[in-house]
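Structural description and commentary
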Amino acid sequence: MKGYTSKRVARSFFSVLMCTTLICAMVPQVARAEESLETLENAAIEANEKYAQAQQELDNLNQKIETNQSKLKELEDALPQVRQNTAQAVRLNYKLLQNQPNLIGLILSSHDFSDFLSTISYINAINDSNYEKIQALVQMESQLTQTRNALQTQQSSVAAKTKEAAAAQSAAQEAIKVAKQRAMERAAQAKAQWEAQQ
């Protein structure tokens with residue numbers, strides 16, 4: 001009977017030793033599983049942050065587009081009047097150039113030096129006004145071109161940012177899906193191991 005009892009004790013000791021070995025062997029795997037799950041969770045959080053950032057940039061670009069569209073509309077609405085003013089200024093300037101002999105006669109027919117200066121000042125004021133009207137048209141056309149180019153660039157950026165945001169959202173969803181799947185697998189493994197030990 002003594003041999004039978006020592007076999008039993010040896011078996012029990014061996015079983016305890018095996019269980020302890022298995023438990024000790026599982027601790028690093030559980031730690032690695034938790035670390036892997038934490039890595040997946042961090043990846044999901046990072047992907048969500050990238051998505052939020054891309055969405056914010058997209059919203060900012062859309063605001064800039066709206067601003068530029070309203071600026072473009074204002075410029076396009078004002079352009080016909082500025083063109084009309086410029087055309088009138090060019091006509092006046094042409095008439096002044098055509099009547100140059102008369103202008104010289106007008107200047108020379110001045111009664112005194114004060115009248116001479118007044119006439120010169122008047123002619124200069126007309127030329128300056130005409131020049132300002134022409135410059136206003138040139139500047140407005142330049143602004144219009146710049147605004148259209150900026151709008152086109154921003155619309156291209158919106159398309160790129162939309163793709164970037166969609167990719168970030170997809171990556172975030174995939175990372176969350178993988179993290180949940182791994183968590184479920186780990187839970188099932190832990191449950192199976194716990195049931196096997198019971």
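Cut-offs used in this document
Residues numbered from 1 in each chain as written. Predicted model: local features only at pLDDT ≥ 70, side-chain atom pairs only at ≥ 80, totals over all residues. Heavy atoms only, no water. Helix = DSSP H or I, 4+ residues; strand = E, 2+ residues; numbered from the N terminus. Buried < 20%, exposed > 50% of the residue type's maximum accessible area, 1.4 Å probe, protein only. Areas by Shrake-Rupley, 256 points an atom, 1.4 Å probe, with all protein chains shown as cover. Core = buried A, V, L, I, M, F, W, Y, C linked by side-chain atoms within 4.5 Å. Contact = heavy atoms within 4.5 Å. Salt bridge = Lys/Arg side-chain N within 4 Å of Asp/Glu carboxyl O. pLDDT = per-residue confidence, 0-100.

This part is about the overall build of the protein chain. Across its full length, the protein chain holds three helices and zero strands. Along its sequence from the N terminus, the protein chain presents helices and strands in the succession α-α-α. Taken across its 198 residues, the protein chain has 18% of its residues classed as buried. About 14,900 Å² of surface is accessible on the protein chain, with carbon and sulfur atoms providing 57% of the total.

Generally speaking, nonpolar side chains in soluble globular proteins are found buried as a group. Core analysis: the biggest nonpolar cluster contains 12 residues, these being Leu 58, Leu 61, Ile 65, Leu 72, Leu 75, Leu 79, Val 82, Leu 137, Met 140, Leu 144, Leu 151 and Val 158. Going through the elements one at a time, helix 1 (2-98) and helix 3 (113-197) are the ones with two or more residues in this core. A total of seven residues in this core trace back to one element, the largest contributor, which is helix 1. Residues within four places of Leu 144 in sequence aside, it is in contact with Leu 72, Leu 75, Glu 76 and Leu 79.

Mapped onto the elements of the fold, Thr 86 is located in helix 1. On the basis of relative accessibility, which here comes to 6%, the residue Thr 86 falls in the buried class.

Turning our attention to the environment of Ile 65. Along the chain, Ile 65 falls in helix 1. The sequence separation of Ile 65 and Ala 150 amounts to 85 residues, and the corresponding C-alpha distance is 8.5 Å. When sequence neighbours within four positions are dropped, the list of residues in contact with Ile 65 reads Leu 151, Gln 154, Gln 155 and Val 158.

For the rest of this paragraph, the subject is the pattern of salt bridges. For the structure shown, the criterion picks out three salt bridges. Asp 77 serves as the salt-bridge partner of Lys 73, at 3.2 Å between the closest nitrogen and oxygen. Residue Lys 73 and its partner Asp 77 are located together in helix 1, separated by four residues, close to a single helical turn. For the pair Lys 73 and Asp 77, one class covers both residues: exposed.

On average, residues of the protein chain score 75 in pLDDT, and 79% of them reach the 70 mark or higher. Averaged pLDDT values for the elements of the protein chain fall to 68 in helix 1 and rise to 83 in helix 3. Under a pLDDT of 50 for its full length, residues 1-33 has, in the predicted model, three contacts with residues more than four places off or in other chains.

Along the chain, the position of Asn 130 falls in helix 3. What makes Asn 130 buried here is its relative accessible area of 2%. Setting aside chain neighbours within four positions, we find Asn 130 in contact with Ala 89, Leu 92 and Asn 93.

For the rest of this paragraph, the subject is the environment of Tyr 131. Here Tyr 131 is to be found in helix 3. A residue is classified by how much of its surface remains accessible, and Tyr 131, at 51% relative accessible area, is exposed. Sequence separation between Tyr 131 and Asn 93 is 38 residues; the distance between their C-alpha atoms is 8.9 Å.

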